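Structural features, examined
Here is what each chain is made of, one letter per residue.
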Amino acid sequence: MQAPKYFEKFKCTADRCTHSCCVGWEIDVDEETLARYLALPDAKGAWIKDSIVQDGEYAHFRLCTDERCPHLDERGLCRIIKALGEGYLCDICREHPRYYNPVGGEWECGIGASCEEAARLILAEEDYRTLVPVETGECAPKYDTYTDFCAKTWREQVFALLSDKEHDLEERCALIEARFGVPAALEPQAQEQLLASLEYLDGAHRALLLSCAGVSLTGVDALACERFLAYLIYRHASPAQGEGDFRLMVGFSLFVMRLFAALTGEKGLSPVRAAVLLSEELEYSVENTEAICRALASDMWE
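We now turn to the structure provided with this report. (Residues numbered from 1 in each chain as written. Predicted model: local features only at pLDDT ≥ 70, side-chain atom pairs only at ≥ 80, totals over all residues. Heavy atoms only, no water.)

**Details of the overall build of the chain**
Assigned secondary structure in the chain consists of 13 helices and six strands. For the chain, whose C-alpha radius of gyration is 20 Å, the value lies close to the compact-globule estimate of 19 Å for 302 residues. C-alpha atoms of the chain, sized along the principal axes, occupy 65 × 40 × 35 Å. Residues counted as buried form 47% of the 302 residues belonging to the chain. In the chain, the share of contacts with a sequence separation of at least 24, taken over all contacts with a separation of at least 6, comes to 73%. Summed over its atoms, the accessible surface of the chain is roughly 14,700 Å², and 50% of this surface lies on carbon and sulfur atoms. Distance from the positive charge centre (30 side chains) to the negative charge centre (52 side chains) of the chain: 6 Å. (Helix = DSSP H or I, 4+ residues; strand = E, 2+ residues; numbered from the N terminus. Rg over C-alpha atoms; globule rule 2.2 N^0.38 Å. Buried < 20%, exposed > 50% of the residue type's maximum accessible area, 1.4 Å probe, protein only. Contact = heavy atoms within 4.5 Å. Areas by Shrake-Rupley, 256 points an atom, 1.4 Å probe, with all protein chains shown as cover. Lys, Arg positive; Asp, Glu negative; His and termini not counted. Charge placed at Lys NZ, Arg CZ, Asp CG, Glu CD.)

As structure tokens, then:
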């Protein structure tokens, strides 16, 4: 399996993290780990069993009133790891923020920018075009994958245009849009309507993103925008099942990158904070991603 160079540099910062993935998210417990928890003798595992909510075939941890995982201690460390070891973590806790994509006849992997340490590594990587062989965990897909369409060649064309420093960022985006038949940024009013219709984990983010509509790419941190866009293309366009799907995900990536440019430029957020905000609110939400793609598709194929 291959991944960008930054993949193997990742290590959870645990109690040093200022934006814990153990707060604010429903934490699912996979079937195999649930069986392992239920098999623990009560003297050793009652505290875990009591924290689990089962809804039919699904199970998750019951969050505390402040939406913290019940197993997150006062220092921000995991009580399950401390008491039983990492082998007792459920799949999502063991794997986050890693993801796996089928690309042609093989698998690629990466780390998602909703994690602040992953975002830091993504935005610090100078060579985002090179993939390297990596060791992956036990949750990595083991089955073969194949599709007639392989996005690698098209992805390299995007990266070649994106990394061409003879053009400024706005020009590079225009070249990518022209090459792949992606319309330019949505009109400010259409963008505002779209952003207003989305669901948000944090209500304050709605107003913040609405205020980003129509902001240009002039005077922004072009290098941070380039690296964030490369991450979005790698993650979302790579598993495309056809040319239309690839073009749509290029459009989605450009849409999110323009918001990143506005947040880090006019709004003054740090690149890491902007990447985390957009990742958790947009790309980690299936509903929001689909809503953005529907809006873009109506422009691309109207």
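**Some points on empty space enclosed by the protein**
Summed over all chains, the structure comprises three cavities of 30 Å³ or more. A volume near 90 Å³ is recorded for the largest cavity. Every residue along the wall of the largest cavity is listed here: Glu177, Val182, Pro183, Ala184, Ala185, Leu186, Gln191, Gly251, Leu254, Phe255, Arg258 and Leu296. Element by element, the count of residues in the lining of the largest cavity is highest for helix α11 (residues 243-264), at four residues. (1 Å grid on protein atoms, 1.4 Å probe; cavity = no way out; pocket = protein on both sides within 12 Å on 5 of 7 lines; lining within 4 Å. Points joined across faces, edges and corners; volume = space filled by probe spheres on them.)

**Describing helix α5 (residues 116-124)**
In terms of burial, α5 is largely enclosed, as seven of its nine residues are buried. Every buried residue of α5 is accounted for by Glu116, Glu117, Ala118, Ala119, Leu121, Ile122 and Leu123. Those residues of α5 that are buried are in contact with β5 (106-111), α10 (222-237), α11 and α12 (271-283).

**Comments concerning the packing of aromatic side chains**
Evaluated as defined, the whole model comprises eight aromatic pairs. A centroid spacing of 5.7 Å and a plane angle of 50° characterise the contact between Phe180 and Phe246, whose relative ring orientation is tilted. Of this pair, Phe180 sits in the loop between α7 (169-179) and α8 (188-197) while Phe246 sits in helix α11, and the two are 66 residues apart along the sequence. Residue class for Phe246 comes out buried when judged on its relative accessible area of 0%. Members of the aromatic cluster, each reached through a chain of ring pairs, are Trp154, Phe180 and Phe246. Lying over the aromatic face of Trp154, Arg179 brings its terminal NZ or CZ to 5.6 Å of the ring centre. If you follow Arg179 out to its NZ or CZ, it ends over the ring of Phe180, 4.6 Å from the centre. (Phe/Tyr/Trp six-rings, centres within 6.5 Å; stacked < 30°, edge-to-face > 60°. Lys NZ or Arg CZ within 6 Å of the ring centre and 35° of its normal.)

**A few points about the side chain of Glu281**
In this fold, Glu281 is placed in helix α12. Buried charge without a partner: Glu281 forms no salt bridge, and the closest opposite charge is Arg273, 7.2 Å away. Contact partners of Glu281, with chain neighbours within four places excluded, come to Glu199, Tyr200, Leu201, Asp202, His205 and Asn288. (Salt bridge = Lys/Arg side-chain N within 4 Å of Asp/Glu carboxyl O.)

These results come straight from atomic positions and should not be treated as a statement about function.
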